[in-house]
Amino acid sequence: MDQDKQLPQSDDGDPQKNVTTVENLGDYEWICKYCKISPNTARRWVMDGRIPYIKLAGGKLVRFDRDAIQEWLEKYSVGCK
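Residues numbered from 1 in each chain as written. Predicted model: local features only at pLDDT ≥ 70, side-chain atom pairs only at ≥ 80, totals over all residues. Heavy atoms only, no water.

Trainee: Even after reading the chapter, I still don't get the packing of aromatic side chains, so can you show me in this structure?
Mentor: Describing an aromatic ring pair means giving the distance of the ring centres and the angle of the ring planes. Applying the stated rule across the entire model yields 4 aromatic pairs. Residues Y28 and F64 carry aromatic rings whose centres are separated by 5.4 Å and whose planes lie at 80 degrees to one another, so their mutual orientation is edge-to-face. You can see Y28 sitting in helix α1 (residues 28–35) and its partner F64 sitting in strand β3 (residues 61–65), a full 36 residues away along the chain. A relative accessible area of 0% means that F64 is categorised as buried. Judged by centre distance (4.8 Å) and plane angle (15 degrees), the ring pair of W30 and Y34 falls under stacked. In this pair, W30 and Y34 are both assigned in helix α1, 4 residues apart and thus about one turn of the helix distant. The exposure class of Y34 is partly exposed, given its relative accessible area of 37%. (Phe/Tyr/Trp six-rings, centres within 6.5 Å; stacked < 30°, edge-to-face > 60°. Helix = DSSP H or I, 4+ residues; strand = E, 2+ residues; numbered from the N terminus. Buried < 20%, exposed > 50% of the residue type's maximum accessible area, 1.4 Å probe, protein only.)

Trainee: Please clarify how the sheet that holds strand β2 (residues 54–56) should be interpreted in this entry.
Mentor: Two modes of strand pairing occur in sheets, parallel and antiparallel, and in both the strands are linked by backbone hydrogen bonds. The strand order across the open sheet formed by 3 strands is β1-β3-β2, and the pairing between neighbours is antiparallel. Each edge of the sheet is formed by a strand with only one pairing partner; in this case those strands are β1 (25–26) and β2. With 2 bridges joining them, β1 and β3 adopt antiparallel strand pairing. Pairing of L25 across the sheet is with D65, part of β3. (Pairing = 2+ DSSP bridges.)

Trainee: Hey, could you run me through the nonpolar core in this one?
Mentor: The nonpolar side chains of a soluble globular protein tend to be buried, and buried together. Y28, I31, A42, V46, I51, F64 and I69 are the most contacted members of the largest nonpolar core, which totals 14 residues. Contributions of two or more residues to this core are made by α1, α2 (39–48), β3 and α3 (66–76). The greatest single-element share of this core, amounting to 5 residues, is contributed by α1. (Core = buried A, V, L, I, M, F, W, Y, C linked by side-chain atoms within 4.5 Å.)

Next up, the structure:
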């Protein structure tokens, strides 16, 4: 396999574990619909560091790992199962 075509690997070397792929990233529109929040709220949460996010393109582009958001919601849900 060519070096540029190798799968990204997690810290323990497993190429299928804990790796964020482009298909697994959501944008502001996605996070607003998923969490039922306004774009202003989403941006404020990012600026305050209240929600997990990833910066791309030299820090100008914000994306959300769908799995990380699901874990975050489960962690901070109150009275829900």
